[in-house]
Amino acid sequence: MLRRTLLATTLSAALTLATVTVASAPAQARACKIDHFCDTIYYSDSAHTTAVGGKREDCDGTVQTWGRRTGYLTFTEVPC
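Each chain has its residues counted from 1, following the order in which its sequence is written. Totals for whole chains, interfaces and linings use all residues, but because this is a predicted model, local features are given only for residues with pLDDT of at least 70 and pairs of side-chain atoms are given and counted only at 80 or more. No hydrogens and no water enter the side-chain calculation; it runs on all heavy atoms of the structure.

**Remarks on the overall build of the protein**
Assigned secondary structure in the protein consists of one helix and four strands. For each residue, the accessible area found with a 1.4 Å probe, counting protein chains only, is set against the maximum for its type, and the residue is called buried under 20%, exposed over 50%, and partly exposed in between. Each of the 80 residues in the protein was classed as buried or not, and the buried ones make up 15%. Two residues form a contact once any of their heavy atoms are found within 4.5 Å. Put simply, of all contacts in the protein between residues at least 6 apart along the chain, 50% involve residues at least 24 apart. For every accessible area listed, the method is Shrake-Rupley and the probe measures 1.4 Å; residues are considered covered only by the protein chains on display. Of the roughly 6,100 Å² of accessible surface on the protein, a fraction of 60% belongs to carbon and sulfur atoms. Numbering goes from the N terminus for both helices and strands, where a helix is a DSSP run of H or I of at least four residues and a strand is a run of E of at least two.

In structure tokens, the structure reads:
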């Protein structure tokens, strides 16, 4: 009986940890279309007051990134 209780507790803790780990991953910006200029800005919080990272994809395919990715972002896409 003790073995079943220990196994159930361990499985419950592992599932909780897995859920927290997945939920804390940064959001991914959508892919930039071919022949488009795309700009993704990542912010520190939902108010979008402080930019902490970004990704710029130029019309020629050049990609520039800086800072860090978070779950708070804006995405702009403009045809070339």
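So much for the structure itself; the text now carries on.
**As for the state of the cysteines**
Here, the term disulfide refers to a pair of cysteine sulfur atoms separated by no more than 2.5 Å. Applying the stated criterion across every chain, the model contains two disulfides. What pairs with Cys32 in a disulfide is Cys38, and their sulfur atoms sit 2.0 Å apart. Between Cys32 and Cys38, the S-S torsion sits near 85 degrees, and that sign places the bridge as right-handed. Disulfide pairing is shown between Cys59 and Cys80; the S-S distance is 1.8 Å. Disulfide Cys59 to Cys80: torsion about the S-S bond roughly -105 degrees, handedness left-handed. Here Cys80 lies in the segment after strand 4 (72–79) and Cys59 lies in the loop between strand 2 (51–57) and strand 3 (63–67), a separation of 21 residues in the sequence.

**Considering the confidence of the model for the protein**
Interpretation of the predicted coordinates at a detailed level should be avoided for regions scoring low in pLDDT. Think of pLDDT as the predictor's per-residue confidence, scored from 0 to 100. Chain-level pLDDT for the protein is 78 on average; 64% of the residues reach the 70-or-more range. With pLDDT under 50 throughout, residues 15–23 is counted as low confidence; its partners more than four residues away or in other chains account for zero contacts.

**Some details on the side chain of Thr70**
Mapped onto the elements of the fold, Thr70 is located in the loop between strand 3 and strand 4. On the accessibility criterion, Thr70 (9% relative accessible area) is buried.

**Thoughts on the pattern of salt bridges**
Salt bridges, as used here, are contacts in which a Lys or Arg side-chain nitrogen is within 4 Å of a carboxyl oxygen on Asp or Glu. Counting across every chain of the model gives one salt bridge. For the salt bridge of Arg56 with Asp39, the shortest nitrogen-to-oxygen distance reads 3.2 Å. Residue Arg56 is located in strand 2, and its partner Asp39 is located in strand 1 (residues 36–43); the two are separated by 17 residues in the primary sequence. With relative accessibility at 36%, the residue Arg56 sits in the partly exposed group. Under the relative-accessibility criterion, Asp39 is labelled buried at 16%.

**Re unusual backbone geometry**
The phi torsion at Asp35 lies on the positive side, around 60 degrees, for a residue other than glycine. By the element assignment, Asp35 lies in the loop between helix 1 (2–23) and strand 1. On the basis of relative accessibility, which here comes to 52%, the residue Asp35 falls in the exposed class. Backbone geometry places His48, a non-glycine residue, at a positive phi of 55 degrees. With respect to the helices and strands, His48 occurs in the loop between strand 1 and strand 2.

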